[in-house]
Amino acid sequence: MKKYIFLILAIVAVVAIGGYYFLFGKKDVCKDVIPEDAKAVMVLDSKQLVKQMGIGISDIVDFLKSDKKEDIGIDLLSPMYGFLSNESYLCAVIALSDADDFEEAFKEKGISVESQRGFKWAYNKEMIVCFNDDKALLLGPITQTESHNMRPRMVEWMSQSSSKSPILSSALKQDGALCLSSKMSVLPGTYMQSALQYLNNPFDLDKVFLNAELSIREKSLLLSASVESDEDDIKGLVTKHKDILRPIQASQLRSSTNDPLLWVGFNTKGASLLEELRKNSVLRLFLVGINLCVDADMMLKAVDGNVCFELNDILLNKADFTLKAQVTNQDFLENANEWNTGFLGKSYSFKSIDKNNYILQGVGNTTYFGVKDNLAYISSNQSVTNNEKSNTSDNFVTNNKSQIDGKVIYASVNMNKLARLPMIQNMMNDDSRKLNAFFDKMDRFNVSATDYLHYDVELTTKEDISDFIKQFLK
């Protein structure tokens, strides 16, 4: 009996070890293809993907055996790579489980495959494919004429025994299921030029890098991004603008609801913010216009602390919102009774409730404005003017204190409420209304930053992420 037990255990051990190496222990044959001068590299790590999704081996095996999945010879369990070549071509490198099946997939679609330079080649719809027994390199968009000129380069990449790409090294240092490292010069020029104009710095964008990784958590998808550089000007952004965005002190904030459509918070010194806003010609002109109505400069200079904007809903094109800011004084209210004169008095009426609270009426809207408990406010809701304190035990800030506290900016959108807005519903056709079922499973979309160089983008769900994936695998 013991003999059979040992035999069974030996078989189980062999199967387990073989399964481990089949799923996770295969040599990474793709990363050596990445050229040293690549401008950007993306890595899809199947091992991390399976681990973070919480999917078991049985689920993967069932998926691989599924009749719904056509076997085209691609090894879905090995890391996959994408990169932007120095010639600005988009490229992908994938491992093959069966090169014959991969070749047959092209032939079945009427795409010819030829042998040349020790590799097999296929061209279709502005994409050229080079492959051997264990990996394939896809490159495009490219014309057929240009593809002949790129073949020597592709052979060079496919024949490398190792990659010396610094961009690849940065991507592999990250732990996400999907990782990216890129030169900032790759980003669209118009956006970068606008950012550089605002920052007023001649950065060498080839020396500034963007790193990003996508991680899958129990009930969220988290994209973490950071800017990395040895340039002193980039490193100095954090200290140079430290008064404009400072860590939020969540304990000093509260919201009027536990589930707003939109919540945005940050902490700033108004005088420093005003100085920075004036450097932009468009914003400077806008401030001049505002100051024709109210003492906007004095308001901004009084701000010193947390600022939060809360949008509860949008009904009949009217927004239910509240903006609050911690202030050190309320000197900007001294001339409030004179705001009815001049430019403002032609379109709006400005009435005093008391020395600290006012009503602004015009164009079918009523807005409340004033100072309460050292907080300047602007709101569409009259309740903000009363003396009752809002519930501190059940509101958005209290419920999300650990996520908000210490961030220099935090923004959150309720995905269900966003999808139900009439303006969004009207944009959907009958088929796209099926997206409502998708949005029903979503919770919130959050964007935050710990400083000028580190950002997080998160989509939270009501159900476990692994449940979505398992439904897909069925």
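No experiment lies behind these values; they were computed from the predicted model shown.

1. Here we look at the overall build of the chain
A tally of helices and strands in the chain yields 19 helices and 20 strands. Across the 474 residues that make up the chain, the buried fraction comes to 40%. Considering only residue pairs separated by 6 or more positions, the chain has 62% of its internal contacts joining residues 24 or more positions apart. With an accessible surface of roughly 27000 Å², the chain has 55% of that area assigned to carbon and sulfur atoms.

2. Points about the pairing of strand E4 (residues 113–116)
With 4 bridges joining them, E4 and strand E5 (residues 119–124) adopt antiparallel strand pairing. Paired with Gln116 across the strands is Phe119, a residue of E5. Where E4 folds back on E5, the antiparallel hairpin that results is connected by 2 residues, among which Arg117 adopts a positive phi of roughly 60°.

3. Some remarks on a negative patch on the surface
On the surface, Asp100, Glu104, Glu108 and Asp133 cluster together into a patch of negative charge. Secondary-structure assignment places Asp133 in the loop between strand E6 (127–131) and strand E7 (135–140). For Asp133, a relative accessible area of 67% puts it in the exposed group.

4. Re the confidence of the model for the chain
Here the chain averages 80 in pLDDT, while 79% of its residues score no lower than 70. The model gives residues 1–25 a pLDDT under 50, and that stretch makes 8 contacts with residues more than four places away or in other chains.

5. Describing the side chain of Ser448
Topologically, Ser448 is positioned in strand E19 (residues 442–451). When its relative accessible area of 7% is taken as the criterion, Ser448 is described as buried. Among all residues touching Ser448, those that are not within four sequence positions of it are Lys407, Ile409, Tyr410, His454, Tyr455 and Asp456.

6. Some thoughts on unusual backbone geometry
At the junction of Gly140 and Pro141, the peptide bond is cis and its omega measures out at -10° in the coordinates. Within the chain, Ser88 stands out as a residue other than glycine whose phi angle is a positive 70°. Mapped onto the elements, Ser88 comes out in the loop between strand E2 (80–84) and strand E3 (90–95).

7. Points about the packing of aromatic side chains
Scanning all chains against the criterion turns up 8 aromatic pairs. Each ring, one from Phe309 and one from Phe321, has its centre 6.1 Å from the other, and the planes form 25°; the classification is stacked. You can see Phe309 sitting in strand E12 (residues 303–315) and its partner Phe321 sitting in strand E13 (residues 318–327), a full 12 residues away along the chain. Overall, the relative accessible area of 19% leaves Phe321 in the buried class. Counting every residue linked through ring pairs, the aromatic cluster contains Phe102, Phe106 and Phe131.

8. Quick word on the side chain of Ser78
Its place among the elements puts Ser78 in the loop between helix H3 (57–65) and E2. At a separation of 2.7 Å, a polar atom in the side chain of Ser78 contacts the side chain of Asp75. In this view, Ser78 contacts Ser46 and Ala95; residues no more than four positions away in its chain are not counted.

9. Some thoughts on the nonpolar core
Note that soluble globular proteins tend to have their nonpolar side chains buried in a common cluster. Ranked by internal contacts, the top residues of the largest apolar core, which has 28 residues, are Val41, Phe83, Leu137, Leu139 and Trp157. Those elements giving two or more residues to this core turn out to be strand E1 (40–44), E2, E3, E5, E6, E7, helix H5 (144–158) and helix H6 (166–172). For this core, the leading source of residues is H5, giving 5 residues. In this structure Val41 touches Ile34, Gly82, Phe83, Ser165, Ile167, Leu168, Ala171, Cys179, Leu180 and Ser181, once residues within four positions along its chain are discounted. Counting residues in hydrophobic clusters, the runner-up holds 18 residues, among them Cys293, Ala302, Val303 and Phe332.

10. Observations concerning helix H4 (residues 99–108)
Three or more residues of H4 are buried, namely Ala99, Phe102, Glu103, Ala105 and Phe106. Taken around the axis of H4, the buried residues stretch over an arc of 150°, which confines them to a single face. In H4, the exposed positions that point more than 90 degrees away from the buried face belong to Asp100 and Glu108. If you follow the buried residues of H4, they end up packed against E3, E4, E5, E6 and E7. Count one or two residues on from H4 and you reach Gly110, which has phi positive near 75°.

11. A short note on the pattern of salt bridges
Counted by the stated rule, this structure contains 13 salt bridges. Notably, a salt bridge pairs Asp304 with Arg246, separated by 2.7 Å at the nearest N-O pair. Separated by 58 residues along the polypeptide, Asp304 in strand E12 and Arg246 in the loop between helix H9 (237–240) and strand E11 (262–269) bring together distant segments of the chain. The exposure class of Asp304 is partly exposed, given its relative accessible area of 30%. Beyond isolated ion pairs, a larger network of salt bridges with shared partners links Asp37, Glu87, Arg153 and Glu156.

12. Brief notes about the pairing of E2
Where burial is concerned, most of E2 is hidden: 5 out of the 5 residues are buried. Going residue by residue along E2, you find Met80, Gly82 and Leu84 tucked away on one face and Tyr81 and Phe83 tucked away on the opposite face as well. Here 4 bridges tie E2 to E3, and the two strands are oriented antiparallel to one another. Bridging from a neighbouring strand, Gly82 pairs with Ala92 of E3. From the end of E2 to the start of E3, which pair antiparallel, there are 5 residues, and Ser88 there has a positive phi angle of about 70°.

13. A word on the environment of Val129
Residue position: Val129 is located in strand E6. The sequence separation of Val129 and Arg151 amounts to 22 residues, and the corresponding C-alpha distance is 9.7 Å. Sequence-distant contacts of Val129, defined by excluding residues within four places in its chain, comprise Phe102, Phe106, Lys120, Trp121, Ala122, Ala136, Leu137 and Leu138.

About the thresholds
- Counting from 1, residues in each chain are numbered in the order their sequence is written.
- Given that the model is predicted, a residue must reach a pLDDT of at least 70 before its local features are reported, and side-chain atom pairs must reach 80 or more before they are shown or counted; all residues, however, enter totals for whole chains, interfaces and linings.
- Only hydrogens and water are set aside when side-chain values are computed; all heavy atoms of the structure are taken into account.
- Secondary structure is summarised from DSSP: a helix means a run of H or I of at least four residues, a strand means a run of E of at least two, and numbering begins at the N terminus for each.
- Relative accessible area decides the class of each residue, using a 1.4 Å probe on protein chains only: under 20% of the type maximum gives buried, over 50% gives exposed, and in between gives partly exposed.
- Should any heavy atoms of two residues lie within 4.5 Å, those residues are counted as being in contact.
- For the area figures, the Shrake-Rupley method with a 1.4 Å probe applies, and any residue is considered shielded solely by the protein chains shown.
- Two strands make a pair as long as DSSP finds a minimum of two bridges between them.
- Patches draw on residues past 30% relative accessible area with no salt bridge. Two like charges within 9 Å are joined, as are two nonpolar side chains (Val, Leu, Ile, Met, Phe, Trp, Tyr) within 5 Å.
- The rule for a salt bridge is simple: a side-chain nitrogen of Lys or Arg has to be within 4 Å of a carboxyl oxygen of Asp or Glu.
- Charged-residue counts in this description rest on Lys and Arg as positive and Asp and Glu as negative, His and the chain ends being excluded.
- Note on charges: their place is set at NZ of Lys, CZ of Arg, CG of Asp or CD of Glu.
- Confidence of the predictor at the level of single residues is captured by pLDDT, which takes values from 0 to 100.
- Pairing of aromatic side chains requires ring centres within 6.5 Å, counting the rings of Phe and Tyr and the six-membered ring of Trp. Pairs whose planes differ by under 30 degrees are stacked, by over 60 edge-to-face, and all others tilted.
- In the analysis that follows, any N or O atom pair within 3.5 Å is treated as a polar contact, provided that within protein one partner can donate a hydrogen and the other can accept it, and provided that, for residues neighboring in sequence, both atoms belong to side chains.
- As used here, the term nonpolar core means buried Ala, Val, Leu, Ile, Met, Phe, Trp, Tyr and Cys residues forming a set that is joined through side-chain atoms within 4.5 Å.
- The directions considered for the arc run from the helix axis to the C-beta atoms.

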